[in-house]
Amino acid sequence: MLRKHVLLIIFIPLLSYGQNSKQKSGITPFNQIAENYVRLGLAIGQYDSDFVDAYYGPDSLKPVGVKEAIFPKDRLLNTTNILLEQLRPYIKDKSLGKRAIWIRGQLTAFSRRIKMFAGEPASFELQAKELFGVELPNLGEDHFRILLNQMDQLLPGRGDVNARFQTLANRFVIPREKLDTVIKTCIAESAKRTRKQVELPHSEEFRLEYVNGKPWSGYNWYQGNYKSLIQFNSDITALIDRVIDIASHEGYPGHHVYNTLFEKNLYHNKGWIEISLYPLFSPQSLIAEGSGNYGLEVAFPGEEKINFTKSVVLPLAGLDTTGIGAYYQALAIKGKLQHVRTEVTRRVINGTMNDDEAIRWLMNYGLFNKEDAVRSLSFSRKYQSYVINYTYGYDLVKNYIERNGGTSNNPSKRWELFKWLLSNEVTPADMQ
Ligand SMILES: [Zn+2]
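Residues numbered from 1 in each chain as written. Predicted model: local features only at pLDDT ≥ 70, side-chain atom pairs only at ≥ 80, totals over all residues. Heavy atoms only, no water.

Caption draft 1: Up close: the overall build of the chain. Tallying secondary structure elements over the chain gives 19 helices and 5 strands in all. Referenced to the eigenvectors of the C-alpha coordinate spread, the extents of the chain come out at roughly 75 × 55 × 40 Å. Within the span of the chain, comprising 432 residues, buried residues form 53% of the whole. Put simply, 72% of the contacts in the chain that link residues at least 6 apart link residues at least 24 apart. Here the chain has roughly 19800 Å² of accessible surface; of this, 52% comes from carbon and sulfur atoms. Charge centroids of the chain, computed over 53 positive and 46 negative side chains, lie 4 Å from each other. (Helix = DSSP H or I, 4+ residues; strand = E, 2+ residues; numbered from the N terminus. Buried < 20%, exposed > 50% of the residue type's maximum accessible area, 1.4 Å probe, protein only. Contact = heavy atoms within 4.5 Å. Areas by Shrake-Rupley, 256 points an atom, 1.4 Å probe, with all protein chains shown as cover. Lys, Arg positive; Asp, Glu negative; His and termini not counted. Charge placed at Lys NZ, Arg CZ, Asp CG, Glu CD.)

See below:
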């Protein structure tokens, strides 16, 4: 305790000196820029209802008065440019440089999203670069054909690969009446595993809700104060792997934990105001979705996922364990085929693929059933290039963690790197 006070006394004069000297030389104080970044994001959110995914900062930064009748594109773009200009002197600053670079990436995304919301078309590639800070390889049909061949050899029977995959998968659909129990059990298990490794605030908790008619399978609405509302789309076919995946993606150690650690470590402990706003279309989502998807492998490394499925989930759902080994092998290949979502989205946005062709690709190369293919396409239309956060974001997080020693043989190192990722302002460039 005493040590803390001593540090504070030394720290405050340094900080105020730093800010005064910047002010004298005509440079905007950093905290003012960070606050105005939040104000701008909330102002955009007044018009674009998908823009703000979460906000738990002070009410004083919320827009006052009624919004304008017409979307004020030019004014919002102008504010974005001013903030980008004000950040410039901080980019190479020793103590604030990382924050400045992080906010710069977020503001670049604001700029692109404002233009898109105003109806300006943007290619898939431009969106990926400016909204999420990445450039991705363009995968052609051959990439998927090779993986599909592997699937063909693995699945029992002959003929259409998708039909054979669905036959296998349909053995593992959780009956309606068991769904709630299974989901809650999966979340409880991933939470238990996460809490063993990550120190979470005692007050953290989530609420689970069932919804219909959404283009996604699950959603975490972070409410601030370490609380989440997790929504599960009950329209989806409740395959066992999906339910386990949603539990860790939306809950532990995925979005709920990511937002909780950000709020605790960066907003409350360090007082970084920019953290209080989570803008959906921003590089932050690449890390959030990538870590959300990779979270399952952190909580259930190696064989632990299949062991948990066999010993807990299947018996609870009243399902037979026969064929589960083959199913998980097939899922490993299907995981790699997920990139088809990216490629379909690329072509749909760029106007080189029509809806029928998109559904055909999703079913043939992604092994989606018809209803999931239709849902995936409507997701791409609504959220545009956002889908790359799941596919490319996952690759980025996985490669980063495993390259740095967080392999399935070293779960504690994996957790350590994962926690770092969930507690720092990391940009996509930091991980490449
Ligand atoms: Zn997500």
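Caption draft 2: Structural view of the side chain of Asp 372. Examined against the element boundaries, Asp 372 turns out to sit in helix 16 (residues 370–383). A distance of 2.8 Å separates the side chain of Asp 372 from the side chain of Arg 375, its partner in a polar contact. (Polar contact = N/O pair within 3.5 Å; in protein donor to acceptor, adjacent residues only side chain to side chain.)

Caption draft 3: Local environment of the nonpolar core. Formed by 141 residues in total, the largest nonpolar core has its most connected members in Phe 165, Ile 240, Val 243, Tyr 327 and Tyr 386. With 10 residues, the single largest contributor to this core is helix 2 (residues 30–47). Beyond its immediate chain neighbours, meaning those up to four positions away, Tyr 386 contacts Phe 132, Tyr 278, Leu 280, Phe 281, Ser 285, Glu 289 and Phe 379. (Core = buried A, V, L, I, M, F, W, Y, C linked by side-chain atoms within 4.5 Å.)

Caption draft 4: Inspection of the packing of aromatic side chains at higher detail. Within this structure, the stated rule accounts for 29 aromatic pairs. Centre to centre, the rings of Trp 415 and Phe 418 are 6.3 Å apart; their planes meet at 90°, and the pair counts as edge-to-face. In this pair, Trp 415 and Phe 418 are both assigned in helix 18 (residues 411–421), 3 residues apart and thus about one turn of the helix distant. Take Phe 418: its relative accessible area is 1%, and that puts it in the buried class. Here a set of aromatic residues connected by ring pairs shows up, and it is made of Phe 132, Phe 281, Phe 379, Tyr 383, Tyr 386 and Tyr 390. The aromatic ring of Phe 368 is capped on one face by Lys 334, whose charged end is 5.3 Å from the ring centroid. The aromatic ring of Tyr 383 is capped on one face by Lys 382, whose charged end is 5.0 Å from the ring centroid. (Phe/Tyr/Trp six-rings, centres within 6.5 Å; stacked < 30°, edge-to-face > 60°. Lys NZ or Arg CZ within 6 Å of the ring centre and 35° of its normal.)

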